[in-house]
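One letter stands for each residue in the lines below.
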Amino acid sequence: MVKVSVIIPVYNVEKYLRQCVDSARKQTLEEIEILCINDGSMDGSREILRQLAEADSRVRVVDKVNTGYGHTMNTGIDLASGKYLVFLESDDFILPQMCQVFYELCEKYELDMVKADFYEFKTKEAQVCSRYQKVSDYENYHQVLSPKEHTELFYASMYTWTCMYRREFIKKFGIRHHETPGASFQDNGFWFQTMMHGTRVYLLDQAYYMYRQDNPESSIHSRGKVHAFSDEYAFIREKIEACQGEGNARALWEICAFFNLHHNINSLTRVDRVYTKELLGLIAEDTALYGWLGAWKIEHLEKDFFRRLLLCLFQPEDVKQSLWRYMDKEAGRRQLLESYSTYILYGAGMYACKVLEVLEQCKLWNKDILCGVTDIEGAPEEIEGFKVRDIEELLTYKKEALIIVCAKRGTEAFDQMWDNLCEWGISHMTAADELFVTEWWLLQG
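Now for a quick tour of the structure. Predicted model only: the values in this text are computed from it and were never measured.

Some remarks on the overall build of the protein chain
- Regarding its fold elements, the protein chain presents 13 helices and 16 strands.
- At 24 Å, the protein chain has a C-alpha radius of gyration in line with the 22 Å of a compact globule built from 445 residues.
- Split by element, the accessible area of the protein chain, about 20,400 Å² in all, is 49% carbon and sulfur.

Observations regarding the environment of glutamate 232
- Along the polypeptide, glutamate 232 turns up in helix α7 (residues 228-242).
- Residue glutamate 232 is classed as buried on the basis of its relative accessible area of 1%.
- Within the structure, the side chain of glutamate 232 is placed 3.1 Å from the side chain of histidine 178, a separation counted as a polar contact.
- Among the polar contacts listed, one links the side chain of glutamate 232 to the backbone nitrogen of glycine 189, at a separation of 2.8 Å.

Some words on the packing of aromatic side chains
- Enumeration according to the criterion identifies 29 aromatic pairs in this entry.
- With centroids separated by 5.4 Å and ring planes inclined at 35 degrees, the aromatic side chains of phenylalanine 87 and tyrosine 165 adopt a geometry described as tilted. In this pair, phenylalanine 87 is assigned in strand β4 (residues 84-87) and tyrosine 165 in strand β9 (residues 163-166), connecting sequence segments 78 residues apart. Across the pair, tyrosine 165 and phenylalanine 87 agree in class, each one buried.
- Judged by centre distance (5.4 Å) and plane angle (85 degrees), the rings of tryptophan 191 and phenylalanine 192 are edge-to-face.
- Three or more aromatic residues link up through ring pairs in this structure, and these residues are Phe154, Tyr155, Trp191, Phe192, Phe258, Phe259 and Phe305.
- Over the face of the ring belonging to phenylalanine 436 we find lysine 354, whose NZ or CZ atom lies 4.4 Å from the ring centre.

What to know about the sheet that holds strand β16 (residues 429-431)
- Spatial strand order, β13-β14-β12-β11-β15-β16: six strands in an open sheet with mixed pairing. Of all the strands in the sheet, the pair left with one neighbour each is β13 (382-383) and β16.
- The pairing of β13 with strand β14 (residues 386-390) spans two bridges and is antiparallel. Each bridged residue has a counterpart across the sheet, and for isoleucine 383 the counterpart in β14 is phenylalanine 386.
- Sheet contacts for helix α12 (residues 350-361): β11 (342-346), β12 (368-373), β13, β14 and β15 (401-405); angle to β11, the most-contacted strand, approximately 160 degrees.
- Where helix α13 (residues 412-423) meets the sheet, its contacts fall on β11, β15 and β16, and the angle it forms with β16 comes to roughly 170 degrees.

Describing the nonpolar core
- Residues Val4 and Phe192 are the most contacted members of the largest nonpolar core, which totals 107 residues.
- Take this core: its biggest share by element is 10 residues, from helix α8 (residues 249-267).
- Phenylalanine 192 has contacts with Phe154, Ile236, Ile240, Leu252, Ile255 and Cys256, leaving out every residue within four places of it along the chain.
- Grouped together as the second largest cluster of nonpolar side chains are 22 residues, Leu359, Ile369, Val373 and Ile404 included.

A word on helix α9 (residues 276-292)
- Between its terminal C-alpha atoms α9 stretches 25 Å, which fits the 24 Å expected from 17 residues at 1.5 Å a residue.
- Looking only at α9, the buried set comprises Thr276, Leu279, Leu280, Leu282, Ile283, Asp286, Thr287 and Tyr290. The buried residues of α9 occupy an angular sector of 155 degrees when projected down its axis, which confines them to one face. Relative to its buried face, α9 has exposed residues pointing more than 90 degrees away, namely Lys277, Glu285, Ala288 and Trp292.

Looking at the environment of leucine 85
- Within the element layout of this structure, leucine 85 appears in strand β4.
- Leucine 85 gets classed as buried once you look at its relative accessible area, which sits at 0%.
- When residues no more than four places from it in sequence are discounted, the contact partners of leucine 85 are Ser5, Ile7, Ile77, Ala80, Cys163, Met164, Tyr165, Arg167 and Ile170.

Regarding the environment of leucine 79
- Turning to its location among the elements, leucine 79 is positioned in helix α3 (residues 69-79).
- Leucine 79 gets classed as partly exposed once you look at its relative accessible area, which sits at 30%.
- For the pair formed by leucine 79 and isoleucine 7, sequence separation is 72 residues and the distance between their alpha carbons is 9.4 Å.
- Contacts of leucine 79, omitting those with residues within four sequence positions, involve Glu33, Leu35, Ile37, Arg60 and Val62.

Looking at α12
- Taking 1.5 Å of rise per residue, the 12 residues of α12 would be expected to cover 16 Å, and the 17 Å separating its terminal C-alpha atoms lies within 8% of that figure.
- All of the buried residues along α12 are Tyr351, Ala352, Val355, Leu356, Val358 and Leu359. Buried residues in α12, looked at end-on, bunch into an arc of 155 degrees, giving them a common side. The exposed set on the far side of α12, more than 90 degrees from its buried face, consists of Met350 and Gln361.
- Buried residues along α12 sit in contact with α11 (316-338), β11, β12, β13, β14 and β15.
- In the segment just after α12, lysine 363 is the residue with positive phi, at about 55 degrees.

Let's talk about the packing of α7 against α9
- In contact at an axis separation of 12 Å, α7 and α9 are set at 15 degrees when each is read in the N-to-C sense. Relative to α9, the element α7 lies roughly parallel. As α7 runs across α9, the sense of the crossing is left-handed. Contacts between α7 and α9 involve Ser230, Tyr233 and Arg237 from the first element and Leu282, Asp286, Leu289 and Tyr290 from the second.
- Tallied by class, the residues present in the contact of α7 with α9 amount to four nonpolar, one polar and two charged.

The rules we used
- Residues numbered from 1 in each chain as written.
- Predicted model: local features only at pLDDT ≥ 70, side-chain atom pairs only at ≥ 80, totals over all residues.
- Heavy atoms only, no water.
- Helix = DSSP H or I, 4+ residues; strand = E, 2+ residues; numbered from the N terminus.
- Rg over C-alpha atoms; globule rule 2.2 N^0.38 Å.
- Areas by Shrake-Rupley, 256 points an atom, 1.4 Å probe, with all protein chains shown as cover.
- Buried < 20%, exposed > 50% of the residue type's maximum accessible area, 1.4 Å probe, protein only.
- Polar contact = N/O pair within 3.5 Å; in protein donor to acceptor, adjacent residues only side chain to side chain.
- Phe/Tyr/Trp six-rings, centres within 6.5 Å; stacked < 30°, edge-to-face > 60°.
- Lys NZ or Arg CZ within 6 Å of the ring centre and 35° of its normal.
- Pairing = 2+ DSSP bridges.
- Contact = heavy atoms within 4.5 Å.
- Axes fitted to C-alpha atoms, helices over the stretch in contact; angles between N-to-C directions.
- Core = buried A, V, L, I, M, F, W, Y, C linked by side-chain atoms within 4.5 Å.
- Expected span 1.5 Å × (residues − 1).
- Arc of directions from axis to C-beta.
- Parallel < 35°, antiparallel > 145°, perpendicular 65-115°, else oblique.
- Left-handed = near helix turned anticlockwise from the far one by under 90°.
- Nonpolar A, V, L, I, M, F, W, Y, C, P; charged D, E, K, R; others polar.

If you want it as structure tokens, here you go:
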């Protein structure tokens, strides 16, 4: 009996594919099938899948012409025979206990779905560098909840791959991925449908899924997909209209409106700048549509989101200029930081903490970080878990490291630290202020 079907969509991902499929093969729950749906890959992915299928009879390879992520995922769902479904992206991997833990929870509580925390990761010299990520900011873990009554579940992470779904639940409500070309955020629609129809949802504060952050071919990096979110949320609106009689349609419209515009506004910093005007136009059109649908409750809108939305609607030209200044600054920061494998934070005060926040936001945890001060006697032993050392001890790294002066530019402390580095012949250095990039919407007057 197949307890769990692990569905893996595959398209030109030979670099990561073996690690991905092997992680499914190594699950402690052995009664699984591994459905690898090859969406017309043109690299070596097909040969890798052939070898893996020969090595393990649970691996089933399905070849088809390239039709995009949504159709590929739906094909896997249609072919699955397990009681439960798990989605695994082909550049990610899962820890050995995931299917076992999820399956036992689903059986114990008769769940429609379980969603767990996860790890974001990068690799450095074949070593995994990861960060734990929570799927919810609410106190709603370890409870069987219905999104109809607990709408905060909609605001948990919408990723569909750190979950297990009861296949009969998916089948009963006809939950499908939007079959648009390519990979265009089709997980949004699938996630929304599971929240619309689910009545027994469980959040787990443990992590078993490893979400890759260093695949340059990932769809999250695409700069040309201007209509992706608007198209996806048009698909979601069709699903809401189809269940108008269920009694919570107004709440669904409000949630749909928020996420549609939230994603489009965030995409302003993702798409190429030549599409800025077009995307701002889409934001205005979608806002008017949701207004006509009566989907807005101003008192429910987060203050910062509401300000960003108003700026996009009423000051589009100012927004465009602010965005471009922000993107130029951000690109310069990213280029500087990516040029080095090691960072030395010179200083252990507030500015050093702010620099560590920047490195965390930029997901640079696969870099080496060192902290140094001029006077070790008066310094804290550590800062944010990093040991503080005498700065002169760290100068052996000066050829490969970027030294970041963690003090306010123009102060006596900054000038003295900068002079010290010049005296020691350091050339790879920058001021912490150069790394602090103000969000575009805060650049308005």
